[in-house]
Amino acid sequence: MDLGQSEDKASLRDLWAITKGQRVKYLLAILAMAITNACMFSAPIVGGHAIDVITLQDFEYADQFLLSFGLYLFGEVSFIGYLWMAAAVGLFITAFGGLFLYARGRLAALASESIAKGIREKLYEKLQDVKLSFYDGEDTGDLVQRCSSDLETLRVFLASDIIEIGRAIMLIICVLPVLFIIHVPLALWSISLMPLLVIGAYIFFSRVKDVFLLTDESEGAMTATLQENLTGIRVVRAFARQDHEINKFGVRNATFRDNNRRLIKLMGIYWPVSDMIAMSQIGIVLFAGAHYVMQGSLTIGDLFIFLTCEGMVIWPVRQLGRVLTDSGKAVISLGRIDHIRRAEAEEEGFTPASGRALGGIRAENLSFAFDDGKQILDGFSIDIEPGETLGIVGPPGSGKTSLIRCLLKLYPYQSGKLEIDGHEVATLNRLWLRRQIGVVLQDPFLYSRTLRENLSVGRAKASQAEIEQACREAAIYDSIMEFPEGFDERVGERGVTLSGGQRQRLALARALLKDSPVLVLDDSLSAIDTNTEQLILKALQKRKGRQTTLVIAHRLSSLAYVDRIAVIDQGRLVQLGSHEELSVVSGLYRRLCQIQGALDDQIRSDVEQYGYQSERQP
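All of these numbers come straight from a predicted model, not from anything done at the bench.

Asks: Give me the overall build of the protein chain: which residues, what numbers.
Replies: The secondary structure content of the protein chain amounts to 22 helices and 10 strands. Against the compact-globule benchmark of 25 Å for 618 residues, the protein chain has a radius of gyration of 37 Å, which places it well outside the compact range. Along the three orthogonal principal directions, the C-alpha set of the protein chain runs to about 120 × 50 × 50 Å. Out of the 618 residues belonging to the protein chain, those deemed buried represent 45%. In the form shown here, the protein chain has an accessible surface area of approximately 31500 Å², with 59% of it arising from carbon and sulfur atoms. When the 65 basic and 73 acidic side-chain charges of the protein chain are each reduced to a single mean position, those positions are 2 Å apart.

Asks: Quick rundown of a nonpolar patch on the surface? Include the residues and the values.
Replies: A cluster of nonpolar residues, Val 24, Leu 28 and Leu 31, forms a patch on the protein surface that exposes about 280 Å² of accessible area. Note on placement: Val 24 falls in helix 3 (residues 23–56).

Asks: Give a detailed account of the nonpolar core, specifying residues and quantitative values.
Replies: One finds Leu 455 and Cys 471 to be the most contacted residues of the largest nonpolar core, which totals 43 residues. Only helix 16 (451–455), helix 17 (464–473), helix 18 (477–481), helix 19 (500–514), strand 7 (518–522), helix 20 (530–542), strand 9 (564–569) and helix 22 (588–610) provide two or more residues apiece to this core. Sorting elements by how many residues they give to this core places helix 19 first, with seven residues. Apart from residues no more than four positions distant in its own chain, Cys 471 is found in contact with Leu 455, Ile 476, Tyr 477, Ile 480, Phe 487 and Ala 509. Residues Leu 366, Leu 403, Tyr 413 and Val 518 belong to the second largest nonpolar core, which totals 32 residues.

Asks: I'd like a description of the pattern of salt bridges, backed by residues and values.
Replies: A full pass over the atoms with the stated rule returns 25 salt bridges. As a salt-bridge pair, Arg 341 and Asp 338 come within 2.9 Å of each other at their nearest N and O atoms. You can see Arg 341 and its partner Asp 338 sitting in helix 13 (residues 300–341), three residues apart, about one turn around the helix. When its relative accessible area of 34% is taken as the criterion, Arg 341 is described as partly exposed. The residue Arg 434 makes a salt bridge to Glu 346 at a minimum N-O spacing of 2.7 Å.

Asks: Let's hear about the pairing of strand 10 (residues 572–577): which residues, and what values?
Replies: With five bridges connecting them, strand 9 and strand 10 associate as antiparallel partners. Looking at strand 10, one finds that Ile 568 is bridged to Leu 573. Counting the residues in the hairpin turn of strand 9 and strand 10 gives two residues, including Gln 570, whose phi is positive at 55°.

Asks: With reference to specific residues and values, describe the sheet that holds strand 3 (residues 389–393).
Replies: Read across the sheet, six strands follow the order 6-7-8-3-9-10 without closing on themselves; strand pairing throughout is mixed. Where the open sheet ends on each side, the last strands, each with one partner, are strand 6 (437–440) and strand 10. Across the sheet, the axes of successive neighbouring strands diverge by a mean angle of 20°, strand direction being ignored. Against the sheet, helix 14 (residues 400–407) makes contact with strand 3, strand 6, strand 7, strand 8 (548–552) and strand 9, and its axis sits at roughly 145° relative to strand 8, the strand it touches most.

Asks: Before we move on, could you go through the environment of Gly 379 and cite the residues and values that matter?
Replies: Mapped onto the fold, Gly 379 is located in strand 2 (residues 375–384). On a C-alpha basis, the gap between Gly 379 and Lys 417 in space is 9.7 Å, while along the polypeptide they are 38 residues apart. With residues up to four places along the chain from it excluded, the contact list for Gly 379 reads Asn 365, Leu 366, Ser 367 and Arg 572.

Asks: An account of the confidence of the model for the protein chain is needed here, citing residue identities and associated values.
Replies: On average, residues of the protein chain carry a pLDDT of 81, and 93% of them reach 70 or more. Note on residues 1–9: pLDDT under 50 across the span, and 20 contacts to partners over four residues away in sequence or across chains. Segment residues 609–618: pLDDT under 50, and 21 contacts once partners within four positions in sequence are set aside and those in other chains are kept.

Asks: Break down the packing of helix 3 against helix 8 (residues 149–182) for me, with residues and values.
Replies: It is the contact of helix 3 with helix 8, at a shortest axis distance of 10 Å, that shows an interaxial angle of 45°. One way to sum up the angle between helix 3 and helix 8 is to call them oblique. Our pair here, helix 3 against helix 8, has a crossing hand that is right-handed. Within the contact between the two elements, helix 3 uses Tyr 26, Ala 29, Ile 30, Met 33, Ala 34, Asn 37, Met 40 and Phe 41 and helix 8 uses Leu 158, Ile 162, Ile 163, Gly 166, Arg 167, Met 170, Leu 171, Val 175 and Val 178.

Asks: Which residues make up unusual backbone geometry, and what are the values?
Replies: Phi angles above zero are rare outside glycine, and Asn 365 is one such case at about 50°. Structurally, the position occupied by Asn 365 is in strand 1 (residues 361–369). Classification of Asn 365 by relative accessible area gives partly exposed; the value is 47%. Notably, Ala 475 is not glycine yet its phi reads approximately 60°, a positive angle. The topology assignment puts Ala 475 in the loop between helix 17 and helix 18.

Asks: An account of the sheet that holds strand 5 (residues 423–424) is needed here, citing residue identities and associated values.
Replies: What the four strands build is an open sheet, ordered 2-1-4-5; its pairing is antiparallel. The sheet terminates laterally at strand 2 and strand 5, the two strands that pair on one side only. The pairing of strand 4 (residues 415–420) with strand 5 spans two bridges and is antiparallel. Directly across from Glu 419, in strand 5, lies its bridge partner Glu 424. Strands in contact with helix 14 are strand 1, strand 2 and strand 4; relative to strand 2, the strand with the most contacts, it is inclined by about 70°.

Asks: So what's going on with the packing of helix 3 against helix 5 (residues 79–129)? Residues and values would help.
Replies: Angle between the axes and distance between the axes: these two values describe a pair of packed helices. The N-to-C vectors of helix 3 and helix 5 enclose an angle of 165°; their axes lie 8 Å apart at closest approach. In terms of axis orientation, helix 3 runs roughly antiparallel to helix 5. At the point where helix 3 passes helix 5, the crossing takes the left-handed sense. Each residue belonging to the contact of helix 3 with helix 5 can be placed in one class, and the counts come to 27 nonpolar, seven polar and two charged.

Asks: Help me get a handle on the side chain of Glu 489, residues and values and all.
Replies: Mapped onto the secondary structure, Glu 489 falls in the loop between helix 18 and helix 19. Of the buried charged residues, Glu 489 lacks a salt bridge, with Arg 490 as the closest side chain of opposite charge at 8.9 Å. There is a polar contact of 3.1 Å between the side chain of Glu 489 and the backbone nitrogen of Glu 485.

Asks: How would you summarise the environment of Asn 253 if you had to cite specific residues and measurements?
Replies: For Asn 253, the location among the structural elements is in helix 12 (residues 242–295). Remark: the alpha-carbon pair of Asn 253 and Thr 225, spanning 28 residues in sequence, is separated by 9.7 Å.

Asks: Please set out the pairing of strand 1 residue by residue, giving values where relevant.
Replies: Examined bridge by bridge, strand 1 and strand 2 share six bridges and lie antiparallel to one another. Residue pairing for strand 2: Ile 361 is matched across the bridge by Ile 384.

Asks: Give a detailed account of the environment of Met 85, specifying residues and quantitative values.
Replies: Summarising the element assignment, Met 85 is placed in helix 5. Take Met 85: its relative accessible area is 14%, and that puts it in the buried class.

Each value, and the rule that gives it
- Residues numbered from 1 in each chain as written.
- Predicted model: local features only at pLDDT ≥ 70, side-chain atom pairs only at ≥ 80, totals over all residues.
- Heavy atoms only, no water.
- Helix = DSSP H or I, 4+ residues; strand = E, 2+ residues; numbered from the N terminus.
- Rg over C-alpha atoms; globule rule 2.2 N^0.38 Å.
- Buried < 20%, exposed > 50% of the residue type's maximum accessible area, 1.4 Å probe, protein only.
- Areas by Shrake-Rupley, 256 points an atom, 1.4 Å probe, with all protein chains shown as cover.
- Lys, Arg positive; Asp, Glu negative; His and termini not counted.
- Charge placed at Lys NZ, Arg CZ, Asp CG, Glu CD.
- Patch = residues over 30% accessible without salt bridge, like charges linked within 9 Å, V, L, I, M, F, W, Y side chains within 5 Å.
- Salt bridge = Lys/Arg side-chain N within 4 Å of Asp/Glu carboxyl O.
- Core = buried A, V, L, I, M, F, W, Y, C linked by side-chain atoms within 4.5 Å.
- Contact = heavy atoms within 4.5 Å.
- Pairing = 2+ DSSP bridges.
- Axes fitted to C-alpha atoms, helices over the stretch in contact; angles between N-to-C directions.
- pLDDT = per-residue confidence, 0-100.
- Parallel < 35°, antiparallel > 145°, perpendicular 65-115°, else oblique.
- Left-handed = near helix turned anticlockwise from the far one by under 90°.
- Nonpolar A, V, L, I, M, F, W, Y, C, P; charged D, E, K, R; others polar.
- Polar contact = N/O pair within 3.5 Å; in protein donor to acceptor, adjacent residues only side chain to side chain.

Rendered as structure tokens:
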């Protein structure tokens, strides 16, 4: 993926925006850091004065406050006593600064964790609300990477690097003027190589940002490959594709390794070079300072202060390369996160005052096409009365499932009308609409939880009696009772520990328990044997009239109890009527009956000739 073209780019302004609500904590952290820096700067000044007092044997160079305090306590102060007092004060100042250093870290950590938590929750909430078409062009593994690894990169930056930037700026602003006050020529020498560090940091930042982008993307591709392989591990095993999958992962892994190696190589160049420049800068201060000491224009204590303060300034400046790099990573990660945050969400719509729908459905000249322009529904029209049971048949790709997707407001239709109880679906509140419709898909999704939790997805407060009744109607109750834990039996991921028929029946029980005004069965009995199918159809027949039911089926035996049958071909309604009416007139439905009738005859012939039940089902 070319992020330069497809990703929403973030900026440092966006980084500033996400700190909203936590800026007071950052301000307090910077204040604590200022106090820490003041303590760090005060300690070497006290030490410098003490060195001058001892080496020159002259209290004229002593800190007057410290000297007065010593005279007040002891009456007189010796040179050794002054040295011990200076050491004690230095330790006290350092310890005091350490407390504020802890406060700085804690405040920054609280702020960054709060921001990360808020973004994480908003991302998860946004993923529930984005249009379904968003997922059509995304890899699940890459989305997980954006919500985890990229967010962690952003959190690390917010936890430490923002404060480091403030620290470096504050030290430069506060320390350098003091150095110029002490000795102007040496102060000039002390900043002579700093421009090289700043320029080197900028060049490093410019190079490493692009490499990190490639590294992050290649890691996302590797994660997506891993996630896809784990999800489809049974298919991989069934087709003996282990070697192919290993090789595919190896390619993704090698790409990530190569990009990461480039990133490490750049860092391996920057850090030694910047170390050399920083140490050279300290060496320049040492040699120049020694020269001025021998000239008599600088004391040894002042040289000690210079060397200490130089170290306090030069290393944060040198760290700017890392800080800039991390800020570049954070900007890139924020851009990848914003790809989700800025994705178009589903429209809310209005909620009808009636509360529960009656279940009347009407489509008029309904047209629907995917983003690629492929037309699926083309002028489809039908009226379905509340409580009616309608069968829907047609060849693959004729638009049967797309009609349900439009009804659930999963995909927007381009033109025409689609109404439920006279309300245009496109204008309805999506949550209200989906609560009115219970759906059973051909390949239902089950959570890796207990059977009871899976059944209660659509109706959390259902009683045990209601759960059992729904399971009996779906012909799954006896199977559940055979499990050691019964309804508390846990199923594997996506229900893999159940058979295909059990998953479909469990999904059917879940939809029946929801007891919604509209029930949609999208080829949901395809994995169920004929005898069980008849039990389910009898139970559904007893429910006729309680809810509007749409039955999409390829096996015509599943339509035995419907009121009418709608035949769809190439996105249009081509036939509508009962089985008796449609089976005696020429058309698509009659051809389907003839094809499945021939299949039934073949099955009976197999049974009579070989004495076994053919695996083929009508």
